[in-house]
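Residues per chain, in single letters:
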Amino acid sequence: MSNAHHHLHIRKRLYDKHEAFPSPNRFKNIMDHLIYVAGIAIPLMTLPQLVEIYLHHNTEAVSALTWSAYFVGSCFWFTYGYLHEEKPIYIPNFLAAIIQALIVIGIFVYR
């Protein structure tokens, strides 16, 4: 059995012990749903930076190195979440990676 299959079987056994979704606990149930809202809202909070770059061509206070690092990090998290079929991980990181890539491209175009 390869390492990938071994890992998959371990995860399946672990999932058998997870709570039901939605959780019977009211607070956890609310949090289970709010994580999707946060997962979409947080990447969208970087849109003002994108607007500033593309509409006003202002890249003075924007670091290409920092935004490139954010992009790489989001790509790793997206891949991890996708491989483990965890929507609350891969959906927001996919959105974040797109926005971050556009910011990095904008920095190089307008600098």
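These lines cover the structure that appears in this document, whether it is placed above or below. The structure displayed is predicted, hence computed values, not measured ones. (Residues numbered from 1 in each chain as written. Predicted model: local features only at pLDDT ≥ 70, side-chain atom pairs only at ≥ 80, totals over all residues. Heavy atoms only, no water.)

Leu50, Ile53, Val62, Ala64, Trp67, Ile99, Ile103, Val104 and Ile107 form the largest nonpolar core, which has 9 residues in total. Listing elements by their share of this core, those giving two or more residues are helix 3 (47–56), helix 4 (64–83) and helix 5 (87–110). The element that contributes the greatest number of residues to this core is helix 5, accounting for 4 residues. Once residues within four sequence positions are removed from consideration, isoleucine 103 is found in contact with Thr46, Gln49, Leu50, Ile53, Val62 and Trp67. (Core = buried A, V, L, I, M, F, W, Y, C linked by side-chain atoms within 4.5 Å. Buried < 20%, exposed > 50% of the residue type's maximum accessible area, 1.4 Å probe, protein only. Helix = DSSP H or I, 4+ residues; strand = E, 2+ residues; numbered from the N terminus. Contact = heavy atoms within 4.5 Å.)

With that settled, consider a nonpolar patch on the surface. Taken together, the side chains of Phe27, Ile30, Met31, Leu34 and Val37 present a nonpolar region at the surface, about 490 Å² in accessible area. By the element assignment, isoleucine 30 lies in helix 2 (residues 26–44). Exposure remark for isoleucine 30: the relative accessible area of 39% places this residue in the partly exposed category. (Patch = residues over 30% accessible without salt bridge, like charges linked within 9 Å, V, L, I, M, F, W, Y side chains within 5 Å. Areas by Shrake-Rupley, 256 points an atom, 1.4 Å probe, with all protein chains shown as cover. Salt bridge = Lys/Arg side-chain N within 4 Å of Asp/Glu carboxyl O.)

This part is about the side chain of asparagine 93. Here asparagine 93 is to be found in helix 5. The residues touching asparagine 93, leaving out its near neighbours within four places in the chain, are Ser74, Trp77 and Phe78.

Considering the arrangement of structural elements, one finds alanine 96 in helix 5. Residues alanine 96 and phenylalanine 71 lie 25 residues apart in sequence; the distance between their C-alpha atoms is 7.5 Å. Excluding anything up to four places from it in sequence, alanine 96 contacts Pro43 and Ser74.

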